[in-house]
Every structure is written in C-alpha cells, then in structure tokens.
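# Tertiary structure, described
Spelled out, the chains give:
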Amino acid sequence: SYSVDDTVDIALANGVHVVQRKFRGFGDQWNFALENLPVQAPWVMKLDPDERLTDKLKQSVGAATARNAATGISFSRRLWFMGKPLPIRQEIVRVWKAGRCRFTDVSVNEHPLVDGDVCHVEGDLEHHDSPDLHHWVDKQNHYSTAEAVARMNLALAAPAKLFGSHLERRMWIKKHFDKFPMRFFAVFLFYYCYKGLFRAGWVGYTWSKLRAHVYWMRYIKYREMLITSRASTSSTSDPSAKGQPDLRVPQY
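Every chain is numbered independently, its residues counted from 1 as its sequence is written. In view of the model being predicted, local features appear only for residues whose pLDDT reaches at least 70, and side-chain atom pairs are presented and counted only at 80 or more, with totals across whole chains, interfaces and linings using the full set of residues. Here the side-chain values reflect all heavy atoms present in the structure, with hydrogen atoms and water set aside.

## As for the sheet that holds strand 3 (residues 72–81)
An order of 1-4-3-7-2 is seen for the 5 strands of this open sheet, with the pairing classed as mixed. Two strands lie at the open edges of the sheet, namely strand 1 (43–45) and strand 2 (51–53), each paired on one side alone. Along the sheet, successive strands turn relative to each other by an average axial angle of 35°, direction set aside. Bridge count between strand 2 and strand 7 (residues 118–128): 3 bridges; the pairing is antiparallel. Each residue of the ladder has a partner; that of Leu53, found in strand 7, is Leu125. A pair of strands is considered paired only if DSSP assigns at least 2 bridges between the two. In this description a helix means any DSSP run of H or I spanning at least four residues, a strand means any run of E spanning at least two, and both kinds are numbered starting from the N terminus. In this analysis an axis means a line fitted to C-alpha atoms, helices contributing only their contacting stretch, and an angle means the value between N-to-C directions, from 0 to 180 degrees.

## Some words on the nonpolar core
Among the buried residues, those of types Ala, Val, Leu, Ile, Met, Phe, Trp, Tyr and Cys that are joined through side-chain atoms within 4.5 Å form a nonpolar core. The buried label applies to any residue whose accessible area, calculated with a 1.4 Å probe on protein chains only, is under 20% of its type's maximum; exposed applies above 50%, and partly exposed to all values in between. Counting residues in hydrophobic clusters, the biggest one holds 15 residues, and the most contacted among them are Phe81, Leu86, Ile88, Val187, Tyr191, Leu197 and Trp207. Broken down by secondary-structure element, the contributors of at least two residues to this core are strand 3, strand 4 (84–97), helix 6 (183–194) and helix 7 (201–228). With 5 residues, helix 7 is the largest single contributor of residues to this core. Not counting chain neighbours up to four residues away, the residues in contact with Tyr191 comprise Ile88, Gly196, Leu197, Trp207, Ser208, Arg211 and Tyr215. If you look at the next biggest cluster of nonpolar residues, it comprises 12 residues, including Ala64, Ile73, Cys119 and Val121. What makes two residues a contact is simply this: any of their non-hydrogen atoms within 4.5 Å.

Written out as structure tokens, the structure reads:
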C-alpha cells in the first residue's frame, strides 16, 4: 500500500513475492489479493506485522492442516500492551483453504467469511499492539475516523442480529450502542472487571480506560459528521500509504 518503511526491501531480501496496490479499504485490499494474486499454496494465513505465533500455535496449525481438519482454522489472539501480556483473548479465524474465503467489504475491521467448517486449535497468537503510546494513539485516531465514516454510510460487516452468529451479535451491539445508558463507562467495566484486565495492574487499567475513550472518539466524530453534513476524508487511505510505487515489484 505504498508504505514508507523497509517492508519491500526486507521482503525481497528474503525471497518474498511482493506486489503493490493503492489502499482503498482493508476488506477491499484482502479480497483483491485472494482473488487476483497467484496463490499456489493449499492454505492461506492472514498475519499482521505486529503479531507473533507461539510455538504451541505453530504446532497446532501444522497438525490441523496436515490432517485436513476443516476448511478454516481459528485460535486465540492475546493482546500485549506496553510490552506486557494482558489477560484478554479473542477467538479469530486466520487460516483457511485457498479459494474458500473472502472478507467483508468494509473500510476497517474486516472479517473473514470461510465457506465451510471452522475448527479451533490450541495456542496463542500474540498481538503486540503498537511499540509505544504515540503510535497507538495515532492508529486509534485513524481507525475511529474510519468507523465513524462507516457508520455514516450505514456499513456493517454482517446483518445486525441479537440472536445470530457471534459476528451478527457484534453488529447488533454496534448498531444499537448509542441507546445504552452509561455506555462508555460500561465499556470500561466490561474490559476491566468482566474481562479481567484488573489482573494486569496499572497497564490493564490504562488499556481499559483508553479502549472506552476510543468508543467515545467514534461517537463524537460521527456526531461531527452529522452536524457538518460531511464525512471526514482522513480515513480514505491507509495512514502508512505515503510512499511512491517501487518499480522493482509488480503494480496493480
């Protein structure tokens, strides 16, 4: 997506096939890759640059693919913050058979839609969320704007159903979130008390407070767009997409 870091240099030095394409949205970028790039491996894995596989997860994924256990594979992603592991995990689908998955076509927080059964395996994917608070705040500023724009456009990743799938329940909460009393404080309590972030001491308290603040940022940005009758243009591109095409790699 034309980032200005050393991604292309590092990838090419290690024999990785690299292509570049203008960023239009996370779901759009992933669907383009899955539908147009010459993927020849029988399995595909989505891995972000701030994520690390534990040895246990590597073994579990390898075993599941070897026995052809299912079409997709899910596992737990554990959040790290300020260099510390937090007692919070999220079940995610990140591995699937080639050609059997596409992503929700949304600008941010895209979800994989696997055509077939999904099995869960043991082991954690460590999510080292930002090297420092400055980076974290910049990233959340971008994502909260993208979420507000998606709300203005009435864009949900799935139908909003209280008694539907896990994703559909999340969309129902997102759609009706503004109707909840004391909702931002409730977000803090949900993470700090229910999810057990209190066990991480000051770091867990800080993350819980900041997470609730991100929900507030989404809301006030949405309200600003309603008042001004225009959506922000700040979320229409990847914040790292500031560089120029690298002519050593194919362009799309």
